[in-house]
Amino acid sequence: MKKIRNYVNGEWKDSKTEEFLDVYNPGNGKVIGKCPLSTQEETKEAIEAAAKTFESWSKVPVTKRAKILFKLQNILVDHQDELADLITEENGKNHSDAYGEVGRGIENVEHAASIVNLLMGDSLSTIATDVDVTNYKYPIGVIGCICPFNFPMMVPFWMFPMAIACGNTVVLKPSEKTPILTQRIIELCEEAGLPKGVLNVVNGGSEVVNEILVNPNIVGVSFVGSKNVGEYVYHTASAHNKRVQVLGGAKNHTVILKDCDMEDTIKKVIGGAFGSAGQRCMAGSVILVENEIADEFVEKFTLAAKKLKIGDASSQSDVDLGPVIRKEAQERTFNYIQSGVDQGATLVLDGRKNIPSEGFFVGPTILDNCTTEMKVWKDEIFAPVVSIIRVKNLKSAIDIAKKHELANGACLFTNNAKAIRYFRENIPAGMIGINLGVPAPVAFYSFSGWKNSFYGDLHANGKDAVYFYTRRKVVTAQLRTGGFEE
Ligand code: NAD
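Values in this document were obtained by computation on a predicted structure and should not be read as measured data.

What counts as what
Residues numbered from 1 in each chain as written. Predicted model: local features only at pLDDT ≥ 70, side-chain atom pairs only at ≥ 80, totals over all residues. Heavy atoms only, no water. Salt bridge = Lys/Arg side-chain N within 4 Å of Asp/Glu carboxyl O. Helix = DSSP H or I, 4+ residues; strand = E, 2+ residues; numbered from the N terminus. Buried < 20%, exposed > 50% of the residue type's maximum accessible area, 1.4 Å probe, protein only. 1 Å grid on protein atoms, 1.4 Å probe; cavity = no way out; pocket = protein on both sides within 12 Å on 5 of 7 lines; lining within 4 Å. Points joined across faces, edges and corners; volume = space filled by probe spheres on them. Polar contact = N/O pair within 3.5 Å; in protein donor to acceptor, adjacent residues only side chain to side chain. Core = buried A, V, L, I, M, F, W, Y, C linked by side-chain atoms within 4.5 Å. Phe/Tyr/Trp six-rings, centres within 6.5 Å; stacked < 30°, edge-to-face > 60°. Patch = residues over 30% accessible without salt bridge, like charges linked within 9 Å, V, L, I, M, F, W, Y side chains within 5 Å. Areas by Shrake-Rupley, 256 points an atom, 1.4 Å probe, with all protein chains shown as cover.

Caption draft 1: The arrangement of the pattern of salt bridges in detail. Within this structure, the stated rule accounts for 24 salt bridges. Across the pair Lys44 and Glu41 runs a salt bridge whose closest N-O atoms are separated by 3.8 Å. Placement of the pair is Lys44 and Glu41 together in helix α1 (residues 40-57), with a separation of 3 residues, close to one helical turn. Taking the relative accessible area as the measure of exposure, Lys44 reaches 32% and is therefore partly exposed. Relative accessible area serves as the criterion here: at 52%, Glu41 is assigned to the exposed category. With a shortest N-O distance of 2.8 Å, Glu296 and Lys300 are connected by a salt bridge.

Caption draft 2: Structural view of the layout of surface pockets. Empty space within the largest pocket amounts to approximately 990 Å³. The wall of the largest pocket is formed by 42 residues, among which Phe149, Lys177, Gly225, Ser226 and Val229 lie closest to the centre. Those elements giving two or more residues to the lining of the largest pocket turn out to be α8 (206-214), β11 (218-224), α9 (227-239) and α12 (327-342). At 5 residues, α12 tops the list of elements feeding residues into the lining of the largest pocket.

Caption draft 3: Main features of the side chain of Ser38. Tracing the backbone through its elements, the reader meets Ser38 in the loop between β5 (30-36) and α1. With relative accessibility at 1%, the residue Ser38 sits in the buried group. At a separation of 2.6 Å, a polar atom in the side chain of Ser38 contacts the main-chain carbonyl oxygen of Asn203.

Caption draft 4: Structural context of the nonpolar core. Ranked by internal contacts, the top residues of the largest apolar core, which has 70 residues, are Leu76 and Met153. In terms of residues, this core owes the most to one element, helix α6 (residues 154-165), which gives 10 residues.

Caption draft 5: The packing of aromatic side chains, seen in detail. Scanning the entire structure with this criterion turns up 10 aromatic pairs. With a centroid separation of 5.7 Å and 75 degrees between ring planes, the pair formed by Tyr24 and Phe360 is classed as edge-to-face. With Tyr24 in strand β4 (residues 20-25) and Phe360 in the loop between β15 (346-349) and β16 (365-368), this residue pair connects regions lying 336 residues apart in the sequence. Look at Phe360 and you get buried, because its relative accessible area is 8%. With a centroid separation of 6.3 Å and 40 degrees between ring planes, the pair formed by Tyr136 and Tyr138 is classed as tilted. Assessed through its relative accessible area of 40%, Tyr136 is described here as partly exposed.

Caption draft 6: A nonpolar patch on the surface, seen in detail. On the surface, Tyr136, Tyr138 and Val475 cluster together to form a nonpolar patch covering roughly 250 Å² of accessible area. Along the polypeptide, Tyr138 turns up in strand β7 (residues 131-139). Among the residues examined, Tyr138 registers a relative accessible area of 33% and is labelled partly exposed.

And the structure:
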């Protein structure tokens, strides 16, 4: 049984709370840890430690901060297998998804380690006679980082490496469903030489979040999670004068045109729809396929989905599809499948059947002939369930995507250059994939959706992250001659 502790000012602390939540291995349904629901007082203590440390850490030369991140990158690479195993154990992802996530986390450290270049300001000589202008970037203070369960490594790494590289200090709240990996990450950060107080961790739920949102020592909030919680976080933190970025819920439309390469498309759409058990903000949960090829596509797609091996990746090596995170998520998904049937969809593959009895499994589910009236299209299900809508052409597919309130990513499968351009120019989404199933941008580019999938201004990752975690100061200076003559 894993003991989950808080980490404040460089010390591991048992929470004083009497409330704990079970942490499960969703692959076998066994309890593997107890996550404390830490108190408001404990959160305040962590924020105070971060605020004190900010005074010294923000003055540490940027080259020294970068060196710690270089060291952390090396350590993480050495521990990739162990970290991937921890993700599989507490989240249920199969080995390749877990390993991919670790790689994405490390990539973020690599991006943050190039902070010396990223922080360079710009300057202009002789803006007026003997007057020069320089733009400097400074850290902003204590950042609150609030994370979801579905990427226990990648999402915290979107946040804390860049925040601390810029000279800020951090209070991180992992998901109470997946708090175990963070414990190990902190040990590895200690090994890399991160000074105490720079990165603090408070485990828990809404009580911790609520303190982060209102505490005057928090100046910035990075949040990733569901739409409703995200909206609450955005409005509350903004009302308390904090800089906020909220990456929220998602519904991603995949458009398949009649000239696509069918075999390649099937392979990628299977990965996009069912990878990580559909628990990705980039999951291809809606497929819009042109009428002419719809029968062929549905037949081949279903055949491929039936071949996926479902199971507990923490005890079997060749699993394709792992569990969803909790029993409630499984039940919720079963209800969605039924609602699709009740609203008139054709259930081509039923994920309620042929699943392991232990653990929280949903098999690959395919609902054909869906419409925009159905709940399975309107809501984010966050499970391996695909809704197929048959469409007349690319324009009618885009019109459907335009109607949805969420817009994270969108994909197009075609060999037609003009269609690609039309799609790029007209689809309302923040991240686009062309002949790719999961268009999650690498760390060096910004990551975020449009519409109600994102609240704020500056996105995660890329140059946006540097701007989010810094504030700028422009110095205009007329230099006196001081006795110097030409
Ligand atoms: P969640 O919203 O339930 O939880 C996210 C965080 O908010 C957790 O740390 C949780 O403790 C906290 N929280 C939950 N309820 C709260 C409340 N009432 N008050 C205050 N804090 C609260 O999300 P989740 O289920 O952990 O993650 C899945 C969601 O995250 C999906 O909707 C997915 O699309 C989204 N997500 C989005 C992106 C993106 O880039 N847009 C990336 C990953 C995940």
